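Chains, contacts and geometry: an overview
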Amino acid sequence: MQLSNSEEQLMQHLWKLEKGFMKDLLECYPDPKPATTTIATLLKRMADKKFIAYNEIGNSREYYPLVEKSDYFSKHVNGLIKNFFNNSASQFASFFTKETNLTQKELEELQKIIDKEIQKKKK
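Being a predicted model, the structure only gives us computed values, none of them experimental.

1. Here we look at the nonpolar core
Within the largest apolar cluster, 17 residues are counted, with the highest numbers of intra-cluster contacts made by Leu10, Met11, Ile39, Leu43, Met46 and Ile52. Contributing elements (two or more residues each) for this core: helix H1 (5-17), helix H2 (22-27) and helix H3 (36-48). In contact with Ile39, other than residues within four places in its own chain, are Leu10, Met22, Leu26, Tyr29 and Pro34.

Right under this line is the structure:
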């Protein structure tokens with residue numbers, strides 16, 4: 001299951017805060033801030049999708065993520081590779097390195113990361 005763009009934006013704030021009340025989440029948004037009812041609706045949908053949960057403290061709810069940021073984006077990227085690059089990591093890497101205007105330094109850093117992973121696989 002995936003998050004909509006607005007849910008994902010709210011989830012980004014919650015990942016950053018680690019836990020928070022409605023007022024904390026609203027403070028993360030730039031002006032003009034979304035309506036409280038909008039945030040409440042998004043939080044309910046995200047809880048229904050099992051992305052977040054909450055603890056009731058008095059009359060307030062303290063929300064926290066149930067899904068790790070790295071897990072969510074890992075599935076997101078794998079879905080992207082599957083749906084847009086014929087499940088080929090090589091096609092994705094080729095597109096990514098050619099179309100994102102990476103500097104030589106960034107490409108060299110990527111190469112180091114890939115070389116490190118290759119060494120791990122050899123062990």
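2. A closer look at H1
With 13 residues, H1 should cover 18 Å at 1.5 Å per step; its first-to-last C-alpha distance of 19 Å lies within 8% of that length. Regarding H1, the residues found buried are Glu7, Glu8, Leu10, Met11, His13, Leu14 and Trp15. In this fold, the buried residues of H1 make contact with H2, H3, strand S1 (52-57), strand S2 (60-65) and helix H4 (69-84). Looking one or two places after H1, you find Glu18, whose phi comes out positive at around 75°.

3. Some thoughts on the packing of H1 against H4
Orientation of H1 relative to H4, taken along the N-to-C sense of each, is 145°, at an axis distance of 11 Å. Contacts between H1 and H4 involve Glu8, Gln12 and Trp15 from the former and Lys69, Tyr72, Phe73 and His76 from the latter. Looking at side-chain class alone, the contact of H1 with H4 contains 3 nonpolar, 2 polar and 2 charged residues.

4. Some remarks on the domain arrangement of the protein
Domains assigned within the protein are domain 1 (5-65) and domain 2 (69-122). For domain 1 versus domain 2, the distance between C-alpha centres works out to 31 Å. Contacts between the two partners involve 4 residues from domain 1 and, on the opposite side, 4 residues from domain 2. In total, about 420 Å² of surface goes out of reach between domain 1 and domain 2, with carbon and sulfur atoms giving 66% of it. For domain 1, the biggest contributors to the area lost against domain 2 are Glu8, Gln12 and Trp15; these three give 85% of the whole. One can count 0 salt bridges joining domain 1 with domain 2. Where domain 1 packs against domain 2, one counts 2 residue pairs in polar contact (both at pLDDT 80 or more).

5. Some words on unusual backbone geometry
The linkage connecting Asp31 with the following residue, Pro32, adopts the cis geometry, with an omega of -5°. Secondary-structure assignment places Pro32 in the loop between H2 and H3. The backbone of Glu18 sits at a positive phi, close to 75°, despite the residue not being glycine. For Glu18, the location among the structural elements is in the loop between H1 and H2. On the basis of relative accessibility, which here comes to 59%, the residue Glu18 falls in the exposed class. Of note in this structure, Asn87 is not a glycine but carries a positive phi near 60°. Mapped onto the elements, Asn87 comes out in the loop between H4 and helix H5 (89-99).

What counts as what
Residues numbered from 1 in each chain as written. Predicted model: local features only at pLDDT ≥ 70, side-chain atom pairs only at ≥ 80, totals over all residues. Heavy atoms only, no water. Core = buried A, V, L, I, M, F, W, Y, C linked by side-chain atoms within 4.5 Å. Buried < 20%, exposed > 50% of the residue type's maximum accessible area, 1.4 Å probe, protein only. Helix = DSSP H or I, 4+ residues; strand = E, 2+ residues; numbered from the N terminus. Contact = heavy atoms within 4.5 Å. Expected span 1.5 Å × (residues − 1). Axes fitted to C-alpha atoms, helices over the stretch in contact; angles between N-to-C directions. Nonpolar A, V, L, I, M, F, W, Y, C, P; charged D, E, K, R; others polar. Domains from an automatic or database assignment. Buried area = accessible area lost by both parts, 1.4 Å probe. Salt bridge = Lys/Arg side-chain N within 4 Å of Asp/Glu carboxyl O. Polar contact = N/O pair within 3.5 Å; in protein donor to acceptor, adjacent residues only side chain to side chain.

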